[in-house]
Amino acid sequence: RAAHKLGFKVKIVPFGRYDLNEDTGILHVANNSESHVVYLWEGRIVEPMAKRKQLWSDPEQFLSHYGYCVTSLLVIKDRT
């Protein structure tokens, strides 16, 4: 809803229909204790919520480190 209010057209890409090593968007991740979003930028993870902001060059390593699984990717398609 926030993206729409800012004038963007977005698409939610379900699990398995995106490439973690190539795509860009807002990635929803979860583990047993939390649900969270990070920015996936051309195969890199930008983690804004860590005590010290983090940039991970390997998305699989990031997911494994925190015990996350991916649920979906929000992709900006165009500006309205």
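Going by the structure above, here's the rest.
Computed from a predicted structure; not experimentally measured.

### Thoughts on the nonpolar core
Turning to step 1, where the next piece is worked out: By size, the foremost hydrophobic cluster in this structure holds 15 residues, and its most contacted members are Y18, L27, I45, F62, L63 and L73.
Turning to step 2, where the next piece is worked out: For this core, the secondary-structure elements that each account for two or more residues are strand 2 (25–30), strand 3 (35–41), helix 2 (59–66) and strand 6 (69–79).
Turning to step 3, where the next piece is worked out: Here the element with the most residues in this core is strand 6; it accounts for three residues.
Turning to step 4, where the next piece is worked out: With residues up to four places along the chain from it excluded, the contact list for F62 reads V38, I45, E47, W56 and Y68.

### Quick notes on the packing of aromatic side chains
Turning to step 1, where the next piece is worked out: Under the definition given, this model contains five aromatic pairs.
Turning to step 2, where the next piece is worked out: A centroid spacing of 5.6 Å and a plane angle of 70° characterise the contact between W56 and F62, whose relative ring orientation is edge-to-face.
Turning to step 3, where the next piece is worked out: Judged by its relative accessible area of 0%, F62 is buried.
Turning to step 4, where the next piece is worked out: Taking 5.6 Å as the distance between ring centres and 40° as the angle between the ring planes, the aromatic pair formed by F62 and Y68 counts as tilted.
Turning to step 5, where the next piece is worked out: Judged by relative accessible area, which is 8%, Y68 ranks as buried.
Turning to step 6, where the next piece is worked out: Here a set of aromatic residues connected by ring pairs shows up, and it is made of W56, F62, Y66 and Y68.
Turning to step 7, where the next piece is worked out: For R44, the ring lying beneath its charged end belongs to W41, and the centroid distance is 3.9 Å.

### Considering the pairing of strand 3
Turning to step 1, where the next piece is worked out: Going residue by residue along strand 3, you find H36, V38 and L40 tucked away on one face and S35, V37, Y39 and W41 left uncovered on the opposite face.
Turning to step 2, where the next piece is worked out: Counted between consecutive antiparallel strands, the loop separating strand 2 from strand 3 contains four residues.
Turning to step 3, where the next piece is worked out: As paired strands, strand 3 and strand 4 (residues 44–47) are joined by three bridges and run antiparallel to one another. Bridging from a neighbouring strand, L40 pairs with I45 of strand 4.
Turning to step 4, where the next piece is worked out: In this structure, the hairpin formed by strand 3 and strand 4 is closed by a connection of two residues, where E42 is found at a positive phi of approximately 45°.

### Digging into the pattern of salt bridges
Turning to step 1, where the next piece is worked out: By the definition in use, this model includes one salt bridge.
Turning to step 2, where the next piece is worked out: One salt bridge in this structure joins E42 and R44, with 3.3 Å as the shortest N-O distance.
Turning to step 3, where the next piece is worked out: Looking at R44, the relative accessible area reads 26%, which means it is partly exposed.

Thresholds, definitions, all that
Residues numbered from 1 in each chain as written. Predicted model: local features only at pLDDT ≥ 70, side-chain atom pairs only at ≥ 80, totals over all residues. Heavy atoms only, no water. Core = buried A, V, L, I, M, F, W, Y, C linked by side-chain atoms within 4.5 Å. Buried < 20%, exposed > 50% of the residue type's maximum accessible area, 1.4 Å probe, protein only. Helix = DSSP H or I, 4+ residues; strand = E, 2+ residues; numbered from the N terminus. Contact = heavy atoms within 4.5 Å. Phe/Tyr/Trp six-rings, centres within 6.5 Å; stacked < 30°, edge-to-face > 60°. Lys NZ or Arg CZ within 6 Å of the ring centre and 35° of its normal. Pairing = 2+ DSSP bridges. Salt bridge = Lys/Arg side-chain N within 4 Å of Asp/Glu carboxyl O.

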